[in-house]
Each structure stands twice: as C-alpha cells, then as structure tokens.
Amino acid sequence: MNPNASHPKILPGTPESIRRASQALRDGKLIGLPTETVYGLAARGDQPESVAKIFAAKQRPSTNPLILHVGHSDSVHPLVAMDSDITRRRFEAASSLWPGPLTLVLPRSESVLDCVTAGGNTVAVRVPAHPVALRLLREVSLPIAAPSANVSNYISPTRPEHVIDGLADSVQWVLDGGICDVGLESTVLSIADPNAPPTILREGVLSAAELERSLGETVTSATLSHSTQSDAAVAAPAASPGMHRKHYSPRTPLRLVSEQSRCPLSPDPNHPERVLRIRLRGAAEPMPGYADVWSLSPSGDLSKIANRLYDTLRRADSGQFDQIEIDQVTSLEWPSNTNPNLLAAIGDRLQRASNQDATDH
Ligand code: TXA
Ligand code: MG
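Residues numbered from 1 in each chain as written. Chains lettered and ligands numbered in written order. Predicted model: local features only at pLDDT ≥ 70, side-chain atom pairs only at ≥ 80, totals over all residues. Heavy atoms only, no water.

A. Spotlight on the pattern of salt bridges. For the coordinates displayed, the defined rule picks out 19 salt bridges. A salt bridge links arginine 159 to aspartate 311, with the shortest nitrogen-to-oxygen separation between them at 3.2 Å. In this pair, arginine 159 sits in the loop between strand S7 (144-145) and helix H6 (160-167) while aspartate 311 sits in helix H8 (residues 302-316), placing the two residues 152 residues apart along the sequence. A relative accessible area of 24% means that arginine 159 is categorised as partly exposed. One salt bridge connects aspartate 327 with arginine 277, and the closest N-O pair in it is separated by 2.9 Å. With aspartate 327 in strand S15 (residues 323-327) and arginine 277 in strand S13 (residues 275-281), this pair connects stretches of sequence that are 50 residues apart. The two residues aspartate 327 and arginine 277 agree in class, both being buried. (Salt bridge = Lys/Arg side-chain N within 4 Å of Asp/Glu carboxyl O. Helix = DSSP H or I, 4+ residues; strand = E, 2+ residues; numbered from the N terminus. Buried < 20%, exposed > 50% of the residue type's maximum accessible area, 1.4 Å probe, protein only.)

In structure tokens form, the structure reads like this:
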C-alpha cells in the first residue's frame, strides 16, 4: 500500500518511543508529533538553534510566529504576561477547553524567544488532545514549538507518512499517532487585548457558540462575519500572520466549482486533461469529462469532510491528474444545525488551496 507506512523513521507511539523522542527533543532534534488536529514539526521552543531548524526545514518565513505546545495549562504561566484581570479570567475560562483543538494568543512573557513570536508581543499556546502528544509534552517538560509538519504552503499532514513525504531528511523520528481525528489545524483565538472581545484569528473545528459558552461572552471572528451564514464561504483577509492567501496548496492546479456542476469547467477537446472531481458530499459516481470522481463524505458529514480533506488532496496530488476540481462550500445549502465555524474553516482552506497565483511566501 503506502511505501512510507513502514519508513524506518516512523516509530510506534509506545512509551519507549516517546522516551526516545523526548530525549531527541532535549538534544535539539526535530520530531514529527501527532496531535488531534494535524501532525506538528516539534522542537524545543526555548532554544534558538532548535527553533531555527523548524524554519529551515519548512522554508518558513521568519515573520510567521510559532505555537508553543505544553502538557498542562499550568505550564503556560511562565510563557505569558497576564497583567489584566480580564485576560486572566478569559484564560481560566478558555483553557477549560484544553486539552483540545484550541490555540490561545496571549501577551508574551520576557522568557519567550523572539524567533518564536516573530518579534511580536504576543505568544500562541496550546495543550493538544492526543495521548501521544500529551505524554511526550509531559515527559519532556519544556515548551515545544510545533507548526504543522509540512513544507510551507503545502498541505498539512494528517498521517505519519505525510510528514515523511516532505520532511524525512529533517526529522529524527515521527511518532505514529494514527490518523488525526480533526484533520484541520486548531482554532486560533486571541485574548491578548483585554479591551477587545476574544477574536478568532483562524477558524477550526470549534464553533463560536462553544467558545462563547466557555468564556461567557461574545466572541468575534476576524475571518467570518456571523451576519449571514453564506459569509462562511467567503475568503477572508489575513488576520493571523501565517494566514496568507496561498496556503495548503497541492502542486496540481486546483479550482473550486459549484456543487451542482456536472462536467469540468471549460473542457478543451483539443487538450484533453485528466481532471479529478472531488465532491464534498454525495455519491462518487462517474461524471462525463472527469477522469475520476471522489467523494469526501457521501452522507455529507462535515467532521468526516474535514477529517479526510488533506489526505485526499495529497492523494489527488500524486501526479495522476492534471487538474483538480473540488466543490465550493456553499453554506446556504447546508443543514441549519451545521457548525458555521467548521464550514468556514473548510471553505477557507479550500479557497487558499485554489490560489495558484499568489506569491506571499
Ligand atoms: O493545529 C495546530 O494548530 C497545529 C498543531 C501542530 O498544533 N499547528 C499549526 O501551526 O497549525 P502553524 O504554525 O502551521 O500555524 C499556526 C498559526 C499560523 O497562522 C501563525 O501565524 C499563527 O498560528 N500564530 C502563531 N503565533 C501567533 C501569534 N502570536 N499571534 C497571532 N497568530 C499567531
Ligand atoms: Mg501550517
């Protein structure tokens, strides 16, 4: 099946492997770390040389800050400067969602490295909900910087072999934690400014309603207007430094099409292309003009669509197709109980994956 599945750098997520990975992290090496969202490219976050390895391996611009991962919410305190009662209260409330797919942006403390925050005065922190990640973070007992374990602008990894595909030479090991449950990156929520409402900088699986229940106050989104559901599908301006237009992109050209369309966009009979159609939902039945038709979730289950999206885009990008067409998220046609933030997260990632002309980084 997958030639990388038994790659020598992929270690089973056993206590013994976790011990080896934890020692490698202390020694300044990079590790592929499973989380419930996507795999991370982990290094100790308190050492500039180790952090520099992340930026080099990913070819990531130094202007894009990293998330620090810790094993307990208490371990966040030395990393942040919560000098406002409002911020302290918001942190206590929001961190009740940890371990979980939530990253909190807070005022940084002096001890956090500039290379982690890209020189900014805030720091992003998260306690991931994956047993292997938690065990590793608790064992190593250091803040661990971990962006998604993909080369910059490519599709985030949701399986250990995805990490190997792009970063085999850079990592010491990848811990095998199976397929990521969520499959999309964490929700990034800023509570850095006590004078502004908590603000979602990057949409993920958490709904604003869930965040509001925990925080007991209104949460706004820098990327999503809640005035109408259809806004969920609209591409947003860059809110978080890493949210450039082009991101998550396969090498094969990808375009967004209406869910109702039944044949490739402007097919050229003189230049037959092998076009793959990826449907978000519905049957994977053949359609005229398409070399193949895949469906992410025949029943239209949004969690499954999120869970399968990156793996499917990576498989679609294996060279057998010249063009990928994927259904646009047209939120008006989703059931009324649909999580609008997850829908926005999927719509946002697809929009970015289709931006072939952008050159931000
Ligand atoms: O699910 C996730 O968050 C994964 C797993 C591995 O934890 N990590 C991840 O990291 O997606 P990365 O580096 O690929 O994306 C982090 C995002 C970027 O858009 C970055 O710009 C933003 O978080 N970010 C980091 N620090 C920030 C800060 N201080 N203020 C605002 N945004 C920040
Ligand atoms: Mg990333």
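B. Examining unusual backbone geometry more closely. In this structure, proline 99 follows tryptophan 98 across a cis peptide bond, with omega equal to -10°. Locating proline 99 in the fold gives a position in the loop between helix H3 (85-94) and strand S5 (102-107). Its identity is not glycine, yet glutamine 59 carries a phi of approximately 55°, on the positive side. Mapped onto the secondary structure, glutamine 59 falls in the loop between helix H2 (48-58) and strand S4 (67-69). Since its relative accessible area comes to 59%, glutamine 59 is described here as exposed.

C. Molecular detail of the side chain of serine 95. Along the chain, serine 95 turns up in the loop between H3 and S5. Its relative accessible area of 8% is what places serine 95 among the buried residues. Here glutamate 92 takes part through its backbone oxygen, which lies 3.3 Å from a polar atom of the side chain of serine 95. In this structure, serine 95 is in contact with Ser73 and Leu104, ignoring residues within four places of it in sequence. (Polar contact = N/O pair within 3.5 Å; in protein donor to acceptor, adjacent residues only side chain to side chain. Contact = heavy atoms within 4.5 Å.)

D. Inspection of the environment of alanine 149 at higher detail. The topology assignment puts alanine 149 in the loop between S7 and H6. Through-space distance from the C-alpha of alanine 149 to that of leucine 33 is 8.2 Å; in sequence the pair is 116 residues apart.

E. A look at the packing of H8 against helix H9 (residues 340-353). Two numbers describe how H8 lies on H9: the axes approach to 10 Å, and their chain directions differ by 25°. When the axes of H8 and H9 are compared, the pair comes out roughly parallel. Regarding H8 and H9, the two cross each other, and that crossing is left-handed. In contact with Leu302, Ser303, Ile305, Ala306, Leu309 and Tyr310 of H8, H9 contributes Leu342, Leu343, Ile346, Arg349 and Leu350. (Axes fitted to C-alpha atoms, helices over the stretch in contact; angles between N-to-C directions. Parallel < 35°, antiparallel > 145°, perpendicular 65-115°, else oblique. Left-handed = near helix turned anticlockwise from the far one by under 90°.)

F. Summary view of H2. Every buried residue belonging to H2 is among Ser50, Val51, Ile54, Phe55, Ala57 and Lys58, and all of these are buried. Buried-residue contacts for H2 involve strand S3 (40-44), helix H4 (114-117), S7 and H6. Phi for glutamine 59, located one or two positions after H2, is positive at around 55°.

G. Structural detail: the packing of aromatic side chains. Using the criterion set out here, one finds two aromatic pairs in the structure. For the ring pair phenylalanine 91 and tryptophan 98, a centre distance of 5.9 Å and an interplane angle of 75° mean the geometry is edge-to-face. Given a relative accessible area of 1%, phenylalanine 91 falls into the buried group. For the pair tryptophan 294 and phenylalanine 321, a centre-to-centre distance of 5.8 Å together with 80° between the ring planes defines the contact as edge-to-face. Of this pair, tryptophan 294 sits in strand S14 (residues 292-297) while phenylalanine 321 sits in the loop between H8 and S15, and the two are 27 residues apart along the sequence. When sorted by exposure, tryptophan 294 lands in the same class as phenylalanine 321, which is buried. When the ring centre of tyrosine 154 is taken as origin, the NZ or CZ atom of arginine 251, which lies over that ring, is 4.4 Å away. In this structure, arginine 281 is placed above the aromatic ring of tryptophan 334, and the distance from its NZ or CZ to the ring centre is 4.1 Å. (Phe/Tyr/Trp six-rings, centres within 6.5 Å; stacked < 30°, edge-to-face > 60°. Lys NZ or Arg CZ within 6 Å of the ring centre and 35° of its normal.)

H. Spotlight on the packing of helix H1 (residues 15-26) against helix H5 (residues 131-140). Their axes nearest at 9 Å, the elements H1 and H5 cross at an angle of 50°. On the basis of the axis angle, H1 is oblique to H5. Of the two possible hands of crossing, H1 and H5 adopt the one that is right-handed. Listed contacts from H5 to Pro15, Ile18, Arg19, Ala21, Ser22, Leu25 and Arg26 of H1 are Val132, Arg135, Leu136, Glu139 and Val140.

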